[in-house]
Amino acid sequence: MGFDVWSGGKSEEQYVKKCKESKKYTTGTWYVLESENVLVSSLIVYESQFRIPENFCGIGSVATAILHRNKGHSSHLINGVCENLKRSGYSGVYLHSDIDPEFYKRLGFNPVSTEGTNCMVRLFGSVRVPESEIPSYF
Ligand SMILES: CC(C)(COP(=O)(O)OP(=O)(O)OC[C@H]1O[C@@H](n2cnc3c(N)ncnc32)[C@H](O)[C@@H]1OP(=O)(O)O)[C@@H](O)C(=O)NCCC(=O)NCCS
């Protein structure tokens with residue numbers, strides 16, 4: 001779904017092959033959003049790696065298929081996944097924003113630091129940002 005920004009000049013076939021062979025992509029849990037029988041958005045959730053603190057998760061590879069963008073699908077998927085994680089007892093979710101962080105601020109994420117990183121966190125309830133190292137890029 002992020003072929004237009006992440007393919008790096010590869011053909012669609014080569015890009016999909018690379019994704020399927022990615023070790024990193026097998027270490028997380030993928031979530032997809034279906035709308036009217038079409039897969040429109042996806043993202044991956046990681047935990048226990050990339051220096052993500054205990055009881056937190058990390059969201060990566062947020063993308064919506066080009067034809068279905070600007071209809072609220074990514075926002076809906078991110079909010080749904082966060083609700084699920086909150087219900088499962090997690091304290092919050094990290095992500096690294098490759099785009100204007102305003103998009104994620106509207107979804108309740110805040111930068112973890114004022115400089116040198118695009119890392120953001122959304123906390124569930126009255127939880128504090130852990131004083132651990134900032135998670136590495138995922
Ligand atoms: C970013 C992306 C996931 C948004 O998906 P979407 O389903 O269209 O998102 P929503 O409909 O929920 O929200 C649309 C908002 O995203 C904003 N947006 C899209 N691309 C953006 C970008 N590069 N920078 C900042 N905001 C962006 C739109 O401006 C829109 O804002 P608006 O509501 O003020 O008009 C989608 O454009 C995409 O797949 N992009 C390519 C992959 C990518 O860059 N992913 C982000 C990785 S951090």
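Above this text sits the structure in question.
Now for a description of the structure that goes with this document. From a predicted model like this one, the values you see are computed outputs, not experimental measurements. (Residues numbered from 1 in each chain as written. Predicted model: local features only at pLDDT ≥ 70, side-chain atom pairs only at ≥ 80, totals over all residues. Heavy atoms only, no water.)

Right, let's get into the pattern of salt bridges. In total, this model carries four salt bridges according to the counting rule given. Across the pair Glu133 and Arg51 runs a salt bridge whose closest N-O atoms are separated by 3.8 Å. Of the two residues, Glu133 is situated in the segment after β6 (119-123) and Arg51 in the loop between β2 (38-46) and β3 (56-64); the sequence distance between them amounts to 82 residues. Classification of Arg51 by relative accessible area gives partly exposed; the value is 43%. For Glu102, the salt bridge identified is with Lys105, shortest N-O distance 3.5 Å. Of this pair, Glu102 and Lys105 both sit in helix α4 (residues 102-105), three residues apart, which is roughly one turn of the helix. (Salt bridge = Lys/Arg side-chain N within 4 Å of Asp/Glu carboxyl O. Helix = DSSP H or I, 4+ residues; strand = E, 2+ residues; numbered from the N terminus. Buried < 20%, exposed > 50% of the residue type's maximum accessible area, 1.4 Å probe, protein only.)

Around the ligand there are 19 residues in total, and Val62, Thr64, Asn70, Gly72 and Ser75 lie nearest to it. Measuring from a nitrogen atom of the ligand, one finds a backbone N or O atom of Asp100 at 3.4 Å. Elements that contribute at least two residues to the shell around the ligand include exactly α1 (3-6), β3, α3 (73-87) and α4. Split by residue class, the shell around the ligand holds seven nonpolar, seven polar and five charged. (Near = heavy atom within 4 Å. Polar contact = N/O pair within 3.5 Å; in protein donor to acceptor, adjacent residues only side chain to side chain. Nonpolar A, V, L, I, M, F, W, Y, C, P; charged D, E, K, R; others polar.)

Moving on to the pairing of strand β4 (residues 92-96). Among the five residues of β4, five are classified as buried, and the element is accordingly described as predominantly covered. Side chains of β4 alternate between two faces, with Gly92, Tyr94 and His96 and Val93 and Leu95 buried alike. Summarising the sheet, β3 and β4 pair through four bridges and their orientation is parallel. Paired with Ile59 across the two strands is Leu95, which belongs to β4. (Pairing = 2+ DSSP bridges.)

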